[in-house]
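# Architecture and fold: a report
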Amino acid sequence: MKVYVVRKYMGHSPWAGSHPAKSKDKEFKTLHEAQAYRSTLTGMVEIFQKEVAN
(Lines give C-alpha, C1' and ligand atoms only; values in the text may rest on other atoms or scores of the structure.)
Protein backbone atom coordinates (compact mmCIF):
# COMPACT_ATOMS: atom_id res chain seq x y z
CA MET A 1 0.00 0.00 0.00
CA LYS A 2 1.31 3.46 -0.84
CA VAL A 3 0.87 6.53 1.34
CA TYR A 4 1.80 10.17 0.84
CA VAL A 5 3.99 11.77 3.47
CA VAL A 6 4.15 15.50 4.16
CA ARG A 7 7.45 16.33 5.86
CA LYS A 8 7.86 19.70 7.59
CA TYR A 9 11.46 20.61 8.41
CA MET A 10 12.28 22.50 11.60
CA GLY A 11 15.41 24.65 11.80
CA HIS A 12 18.27 24.17 9.33
CA SER A 13 17.64 22.66 5.96
CA PRO A 14 18.47 18.95 5.57
CA TRP A 15 21.12 19.91 3.00
CA ALA A 16 23.01 22.30 5.33
CA GLY A 17 25.95 19.97 5.92
CA SER A 18 26.63 18.52 9.34
CA HIS A 19 23.53 19.93 11.07
CA PRO A 20 20.54 18.10 9.59
CA ALA A 21 17.10 19.49 10.32
CA LYS A 22 14.60 17.79 12.55
CA SER A 23 11.33 17.06 10.84
CA LYS A 24 7.75 16.05 11.50
CA ASP A 25 5.97 13.64 9.17
CA LYS A 26 2.26 13.18 8.61
CA GLU A 27 0.85 10.41 6.38
CA PHE A 28 -2.15 10.60 4.06
CA LYS A 29 -3.91 8.03 1.90
CA THR A 30 -4.38 10.35 -1.10
CA LEU A 31 -2.26 12.96 -2.81
CA HIS A 32 -5.17 15.41 -2.67
CA GLU A 33 -5.28 15.21 1.16
CA ALA A 34 -1.50 15.64 1.36
CA GLN A 35 -1.54 18.68 -0.92
CA ALA A 36 -4.41 20.27 1.05
CA TYR A 37 -2.45 19.83 4.29
CA ARG A 38 0.75 21.13 2.64
CA SER A 39 -1.04 24.35 1.65
CA THR A 40 -1.65 25.13 5.35
CA LEU A 41 2.08 24.99 6.19
CA THR A 42 4.88 27.51 5.72
CA GLY A 43 8.62 27.04 5.50
CA MET A 44 10.46 24.06 4.05
CA VAL A 45 7.98 21.27 3.31
CA GLU A 46 8.11 18.30 0.96
CA ILE A 47 5.65 15.63 -0.15
CA PHE A 48 6.78 12.15 -1.08
CA GLN A 49 5.28 8.71 -1.53
CA LYS A 50 6.32 5.62 0.40
CA GLU A 51 5.37 1.97 0.46
CA VAL A 52 4.00 0.55 3.73
CA ALA A 53 3.02 -2.97 4.69
CA ASN A 54 -0.70 -3.65 5.08
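Throughout what follows, the structure given in this document is the object of discussion. Values in this document were obtained by computation on a predicted structure and should not be read as measured data.

Quick look at the sheet that holds strand β1 (residues 2-10) now. With antiparallel pairing, three strands are arranged side by side in an open sheet as β2-β1-β3. Single-partner strands in this sheet number two, and they are β2 (22-28) and β3 (45-51). Pairwise comparison of adjacent strand axes, ignoring direction, gives a mean angle of 30° for this sheet. As judged from the seven bridges shared by β1 and β3, these two strands associate in the antiparallel manner.

Moving on, we come to the environment of Ser23. As for its position among the elements, Ser23 is in strand β2. Taking C-alpha positions, Ser23 is 5.6 Å from Met10, a pair spaced 13 residues apart along the chain. Apart from residues no more than four positions distant in its own chain, Ser23 is found in contact with Arg7, Lys8 and Tyr9.

Rules of the game
- Every chain's residues receive numbers from 1 upward, in the order its sequence appears when written.
- Local features are withheld for residues below a pLDDT of 70 in this predicted model, meaning they are given only at 70 or higher, and side-chain atom pairs are given and counted only at 80 or more; totals for whole chains, interfaces and linings count all residues.
- Values reported for side chains reflect all heavy atoms of the structure, with hydrogen atoms and water molecules removed beforehand.
- Note on pairing: DSSP must find at least two bridges between two strands before they are called paired.
- Where helices and strands are cited, they refer to DSSP runs of H or I of at least four residues and of E of at least two residues respectively, numbered from the N terminus.
- Axis definition: a line fitted to C-alpha atoms, over the contacting stretch in the case of helices. Angles run 0 to 180 degrees between N-to-C directions.
- Whether two residues are in contact is decided by their heavy atoms: any pair within 4.5 Å suffices.

Spatial relationships are all this shows, so hold off on functional conclusions.
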